[in-house]
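Chain by chain, the residues:
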Amino acid sequence: MTPAGIEPLRLESEAIALDVLPGNGADIYAIIDKATGVDVMFKTPWGLRDPRGLPPRADSEVAWLERYGGGWQVLCPNAGDEQTVAGVTRGYHGEASILPWTVHRADRSCVEMSVELFTAPITMHRVIDVNGPTVRIVESLRNRSESPTTAVWGHHPAFGLPLTGPACRIDTGARAVLADICAPGTELVAGSKHTWPIATTVAGEPLDLSRAPAAGDRREIMAYLSDFAAPFYALSNHELGFGVGMRWSADVFPYAWLWQEIHCSQGFPWFGRAHAIAIEPSTVVGGHGEEALRRRGPGVVLEPGATVEATIEVARYDVPAPVEVTGIDPGGNVHFA
């Protein structure tokens, strides 16, 4: 269900259905497996809210979270903590994820949208196309000014129960893991480096990051994946009988943020009520704290009139038994060990 004022646009094939919210950041709010009826996307405990009824907030993170209903957001011109660029504050997770987008064309399986940003001189354009078990997104940024500009650009797809339950296996082409230097969560030492999939916990114990937490476990992780042999990840659940995999343009998104919130954070905003696993392609590493903002660099650099384009593909695939995913090729074909 979506509130009044945020009307979903349904895209579908014979295998999957998507609910896209052009009026709310062009979010992909739901990805539904038609064979089971399961929506794989995480939903926040407070749900999606009509922004017209929300009070003004001085804190951009609180304001963003209040509007965050779950699903999949595009983050631009910022991701993570707010930062000041050329004297202008770019809010928490950027404005692209909260602005209404203009729909240029739409049919049963495809939508084309764009938005003009305000805190950066950038036009964003995206086409979402559903074909069989695959979703293909072609997205671009264009500098509409006569001066160079920069932007942090990323995607924020968060997955939830039942997909991310104890039977879920996480595979990725990443080889390196870097814990956040400010807020690594409960398991990892701040700033520590690891080799996927085995990390060392704060207690000095091995932690297999390819395994979803067991029933009853509480876990919080904020880290960054890099050194990709291939830019992909996959969430496979043999108990459900299917999985969801994602691949992307590695030249644009060389990193992916790893976020897990499994009934752990007892304070604001989760209060122990969230079960989310997200792996988020990004132009930069680091989202929390002033030191992270200094280290992470400018992201995309756009010369006057220049455009940069990226492609992301999401594939639904059958998982009849516990299995390791070794790759996803263009077109969404999934390969197993």
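These remarks concern the structure in this document. (Residues numbered from 1 in each chain as written. Predicted model: local features only at pLDDT ≥ 70, side-chain atom pairs only at ≥ 80, totals over all residues. Heavy atoms only, no water.)

**Concerning the nonpolar core**
How we decide: Here, nonpolar core means buried Ala, Val, Leu, Ile, Met, Phe, Trp, Tyr and Cys residues that are tied together by side-chain atoms lying within 4.5 Å of each other. The rule is simple: take the accessible area with a 1.4 Å probe, protein chains only, and divide by the maximum for that residue type; under 20% is buried, over 50% is exposed, in between is partly exposed. Per the convention used, a helix needs a DSSP run of H or I reaching at least four residues, while a strand needs a run of E reaching at least two, with both numbered from the N terminus.
Leu18, Met124, Ile128 and Trp153 are the most contacted members of the largest nonpolar core, which totals 65 residues. The biggest single contributor to this core is strand S18 (residues 219-237), with six residues. Phe42, Ala79, Tyr224 and Ala276 belong to the second-largest nonpolar core, a separate cluster that totals 19 residues.

**Thoughts on unusual backbone geometry**
Looking along the chain, the bond that leaves Cys76 and enters Pro77 is cis, with omega of 5°. By the element assignment, Pro77 lies in the loop between strand S5 (72-75) and strand S6 (83-85). A cis amide bond links Leu161 with the next residue in sequence, Pro162, at an omega value of 5°. Examined against the element boundaries, Pro162 turns out to sit in the loop between strand S13 (154-160) and strand S14 (168-179). Phi at His93 is positive, roughly 60°, even though this residue is not glycine. Here His93 shows up in the loop between strand S7 (88-90) and strand S8 (102-106). Relative accessible area serves as the criterion here: at 4%, His93 is assigned to the buried category.

**A word on the environment of Asp227**
Counted only if it meets this: By definition in these notes, contact holds between two residues if any of their heavy atoms fall within 4.5 Å.
Looking at the element boundaries, Asp227 is found in strand S18. For Asp227 and Val177, which are 50 residues apart along the polypeptide, the C-alpha to C-alpha distance reads 8.7 Å. Not counting residues within four places of it along the chain, the set of residues in contact with Asp227 comprises Gly173, Ala174, Arg175 and Ala176.

**What to know about the pairing of strand S1 (residues 9-12)**
In plain terms, the rule: One bridge is not enough; two strands pair if DSSP finds at least two bridges between them.
In terms of strand pairing, S1 meets strand S2 (residues 16-21) through four bridges, oriented antiparallel. Residue pairing for S2: Leu9 is matched across the bridge by Val20. With antiparallel pairing between neighbouring strands as the criterion, S1 and S2 make up a hairpin whose turn holds three residues.

**Observations concerning the environment of Ile31**
Positionally, Ile31 belongs in strand S3 (residues 27-33). As a C-alpha pair, Ile31 and Ala234 span 203 residues in sequence and 15 Å in three-dimensional space. Aside from chain neighbours lying at most four places away, what touches Ile31 is Ala17, Leu18, Val38, Asp39, Val40, Met41 and Trp72.

**What about the environment of Glu280?**
Mapped onto the elements, Glu280 comes out in strand S21 (residues 275-282). Through-space distance from the C-alpha of Glu280 to that of Pro157 is 6.2 Å; in sequence the pair is 123 residues apart. The contact partners of Glu280, leaving out residues within four places of it in the chain, are His155, His156, Pro157, Tyr255, Ala256, Trp257 and Trp259.

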